[in-house]
Amino acid sequence: MADEKPIGKDATGYDLLTKAVSELLNQFPGLNGREIYFEYLGEDSGLAFSADSGALVMTEKRSITDHVVQSCQFPFFVVYRTASTEEYQKIQIQAFLDSIGKWICKEPVEIGGVEYRLSDYPRLSDGRKITRITRDNSYGTTPQENGVQDWLLPVTVRYTNEFDMW
C-alpha cells in the first residue's frame, strides 16, 4: 500500500472531505469544549487538522456505459501544538491523539470512565462514500527554539466516488 501512487486529484472531493472531517473531528467526545480547527493553530498552542496532499484518486474503473468508480484517499494530520516541556504533558498529548485516532477508526475508546465508539462515518454528497478511516502512530516533531512542539496524528480517509460521464 505504501507504493501506491495517485493517478489524479478529486478537487470537489477535497472540499467535501474537508468539511466532513472537520465536523467528524469536532464530534469527538474527549474535546472537553475545545475545537479542532482547519489549518489554524495559535503561536504556542492549539488543536487543528491539516490536509496532507489533498483528495487523491488512487484507482479508476470506467464501464462501457461511462459509469466511473474511483477509489480515493484524503490523508490529513491532526496537530496538537504545545509549549510544554514536561514529559507527563507530552505523554498526555500522545494519549489524547491516540484516543482521537481510535475513535475516528471506529475502535472503542474510554473517556472519563465511559466507553465511546463511533458508529457511522459522515455521509458525503455527489456520489462519494467513506469506506474506511485508518491512522498511524502519533509523534512529536522537533521542538522549536522557544519550546513549542507540534504533535501529529496521521490519518487517511478512504472513500469511493461514483458518477456517470454523460
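Structure's up top.
How each quantity is defined
- Along each chain, numbering runs from 1 in the same order as the chain's sequence is written.
- pLDDT decides what is reported in this predicted model: residues at 70 or higher carry local features, side-chain atom pairs at 80 or more are listed and counted, and totals for whole chains, interfaces and linings draw on all residues regardless.
- To get the side-chain values, take all heavy atoms of the structure and skip hydrogens and water.
- Helix numbering and strand numbering both begin at the N terminus, where a helix is a DSSP run of H or I of at least 4 residues and a strand a DSSP run of E of at least 2.
- Burial here depends on accessible area, computed with a 1.4 Å probe over protein chains only, as a share of the maximum for the residue type. Under 20% is buried, over 50% is exposed, and the range in between is partly exposed.
- Residues count as neighbours in contact if any of their non-hydrogen atoms are within 4.5 Å of one another.
- Within this scheme the basic residues Lys and Arg register as positive and the acidic residues Asp and Glu register as negative, but His and the chain ends are omitted.
- Each charge is placed at NZ for Lys, CZ for Arg, CG for Asp and CD for Glu.
- The pairing criterion is simple: DSSP has to find at least two bridges between the two strands.
- Helix span is expected to be 1.5 Å times the residue number reduced by one.
- Here, the term nonpolar core denotes a set of buried Ala, Val, Leu, Ile, Met, Phe, Trp, Tyr and Cys residues that are joined through side-chain atoms within 4.5 Å.
- N or O atoms closer than or at 3.5 Å make up a polar contact, with two conditions inside protein: a donor-capable atom paired with an acceptor-capable one, and, for residues adjacent in sequence, both atoms drawn from side chains.
- What counts as a salt bridge is simple: a side-chain nitrogen of Lys or Arg found within 4 Å of a carboxyl oxygen of Asp or Glu.

Caption draft 1: The overall build of the protein, seen in detail. Secondary structure assignment for the protein yields two helices and 10 strands. Each principal axis of the C-alpha distribution contributes one length, and for the protein these read about 60 × 40 × 25 Å. Considering the protein as a whole, with its 166 residues, one finds that 41% of them fall into the buried category. For the protein, long-range pairs separated by at least 24 residues make up 65% of all intrachain contacts whose partners lie at least 6 apart in sequence. Treating the 17 positive side-chain charges of the protein as one cloud and the 25 negative ones as another, the clouds have centres 6 Å apart.

Caption draft 2: Here's a closer look at the pairing of strand β4 (residues 56–62). With two bridges connecting them, strand β1 (residues 8–9) and β4 associate as antiparallel partners. Bridged to Gly 8 within β4 is Val 57. Of the strand pairs in this sheet, β4 and strand β5 (residues 67–82) are connected by six bridges, and their pairing is antiparallel. Paired with Lys 61 across the strands is Val 69, a residue of β5.

Caption draft 3: Representation of helix α1 (residues 11–25) in the model. The end-to-end C-alpha separation of α1 is 21 Å, in line with the 21 Å expected for 15 residues at 1.5 Å each. All buried positions along α1 are accounted for by Gly 13, Leu 17, Thr 18, Ala 20, Val 21, Leu 24 and Leu 25. Next to the buried residues of α1 lie β2 (37–38), β3 (46–51), β5, α2 (87–104), β8 (128–135) and β10 (149–164).

Caption draft 4: Representation of the nonpolar core. Leu 25, Phe 74, Phe 76, Ile 104 and Ile 133 are the most contacted members of the largest nonpolar core, which has 37 residues in total. Discounting chain neighbours no more than four positions away, the residues touching Ile 104 are Leu 24, Leu 25, Phe 76, Leu 118, Tyr 121, Ile 133 and Val 155.

Caption draft 5: Examining the side chain of Thr 18 more closely. Here Thr 18 shows up in helix α1. There is a polar contact of 2.7 Å between the side chain of Thr 18 and the backbone oxygen of Tyr 14. Thr 18 has contacts with Phe 38, Phe 49 and Phe 74, leaving out every residue within four places of it along the chain.

Caption draft 6: Molecular detail of the pattern of salt bridges. For the structure shown, the criterion picks out six salt bridges. Glu 107 is the partner of Arg 135 in a salt bridge, and the nearest nitrogen-oxygen pair spans 3.4 Å. Taken together, the residues span a long stretch of sequence, with Arg 135 in strand β8 and Glu 107 in the loop between α2 and β6 (109–111) at a distance of 28 residues. Take Arg 135: its relative accessible area is 23%, and that puts it in the partly exposed class. Note on Glu 107: relative accessible area 30%, which makes it partly exposed. When salt bridges that share partners are traced, they join Asp 98, Lys 102, Glu 107 and Arg 135 into one network.

Everything listed here is a matter of coordinates, which is why it stays silent on function.
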